[in-house]
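Structural overview
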Amino acid sequence: RLTGSKLGCGEGGCGACTVMLSRYDRTKDRIEHYSVNACLTPVCAVHGMAVTTVEGIGSTKTRLHPVQERIAKAHGSQCGFCTPGIVMSMYALLRSNPRPAMFDLENTFQGNLCRCTGYRPILEGYRSFTTTDTQLSGCCVATETGGKCCMQASEDAQQTDADDELGLQTPNSCENGCDGPRTNVGSAVNKCDTDVAEGQANPRKQPDARLFSMSDFKPYDPTQEPIFPAELQLSDD
Ligand code: FES
Ligand code: FES
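What counts and how
Residues numbered from 1 in each chain as written. Chains lettered and ligands numbered in written order. Predicted model: local features only at pLDDT ≥ 70, side-chain atom pairs only at ≥ 80, totals over all residues. Heavy atoms only, no water. Helix = DSSP H or I, 4+ residues; strand = E, 2+ residues; numbered from the N terminus. Pairing = 2+ DSSP bridges. Axes fitted to C-alpha atoms, helices over the stretch in contact; angles between N-to-C directions. Contact = heavy atoms within 4.5 Å. Core = buried A, V, L, I, M, F, W, Y, C linked by side-chain atoms within 4.5 Å. Buried < 20%, exposed > 50% of the residue type's maximum accessible area, 1.4 Å probe, protein only. 1 Å grid on protein atoms, 1.4 Å probe; cavity = no way out; pocket = protein on both sides within 12 Å on 5 of 7 lines; lining within 4 Å. Points joined across faces, edges and corners; volume = space filled by probe spheres on them. Nonpolar A, V, L, I, M, F, W, Y, C, P; charged D, E, K, R; others polar.

**Focus: the environment of M88**
On the secondary structure map, M88 appears in helix 2 (residues 83-96). The spatial distance from the C-alpha of M88 to the C-alpha of V36 is 9.3 Å, given a sequence separation of 52 residues.

Spelled out as structure tokens, the structure:
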């Protein structure tokens, strides 16, 4: 029994039942992928098409698909009831467009509701698939040319943003992040009176504001997706 796709409303509003349909379009000679609401799609309407549910793209028993892994590690799943539908909307988008823009991402979730997360961690996690962040374009090509990998660059940017937010980059803060009185301002190492011995945790140091790190994510390789069933492509029906 495939119970990953959920019933949230039965009327096409919540997207908890989202699955992907794939069909071979003979007039355009290409395979097309769509996300659909399983609660409203009659089985007799999917003749000749391949249905992919959330169980069909990965599992903790084998290997999670990057779409599943990233929503989990980015804290985009709380109660988890909407998660299979959101995963399948994102998966169908990636199958049609492996490098979407952030705009495409927001559009693709128009039919998915989540009552727990406030949506932000879902979009932040899936931003890692997009080209909207210019640091992400040219992924892994950069390392071959001697530059930084997109993942690394993006992480650096996140750290800088987090530091700015916490005030760690202000000229008055010391290297440990505190802003107490300093005895050696202007010296090569900017230490303050509250600096602790090397190797000891500074109790005043601010916590890391990042909820996840890009390096936690496995890379996405579109060439490793399941193939379209050959019999559906060859059949005349
Ligand atoms: S169950 Fe809500 S859209 Fe299908
Ligand atoms: S995680 Fe609970 S509804 Fe989305």
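**Re the environment of R120**
Among the structural elements, R120 can be located in helix 4 (residues 120-126). Counting along the chain gives 46 residues from R120 to A74, while the straight-line C-alpha distance between them is 9.7 Å.

**So, the sheet that holds strand 1 (residues 18-25)**
Sheet architecture is open: 3 strands sit in the order 2-1-3, paired in antiparallel fashion. If you trace the sheet from one side to the other, it starts and ends with strand 2 (30-37) and strand 3 (50-52), each paired once. Between one strand and the next, the sheet's axes are offset by a mean angle of 25 degrees, whatever the strand orientation. With 8 bridges connecting them, strand 1 and strand 2 associate as antiparallel partners. By the bridge assignment, V19 is partnered in strand 2 with V36. Relative to strand 1, helix 2 is tilted by about 25 degrees, and along the sheet it contacts strand 1, strand 2 and strand 3.

**Quick notes on the nonpolar core**
I86, V87, M90 and Y126 are the most contacted members of the largest nonpolar core, which totals 22 residues. Mapped by element, the contributors of at least two residues to this core are helix 1 (66-73), helix 2, helix 3 (102-108) and helix 4. Take this core: its biggest share by element is 8 residues, from helix 2. In contact with I86, other than residues within four places in its own chain, are I71, F109, N112, C114, I122 and Y126.

**Considerations on the layout of surface pockets**
In this structure, the second largest pocket encloses a volume near 260 Å³. In this structure, the second largest pocket is lined by G4, V54, E55, G58, S59, T60, L64, Q68, A72, T83, P84 and V87. If you list the elements that add at least two residues to the lining of the second largest pocket, you get helix 1 and helix 2. Sort the elements by how many residues they give to the lining of the second largest pocket and helix 2 lands first, with 3 residues. Partitioning the lining of the second largest pocket into residue classes produces 5 nonpolar, 6 polar and 1 charged.

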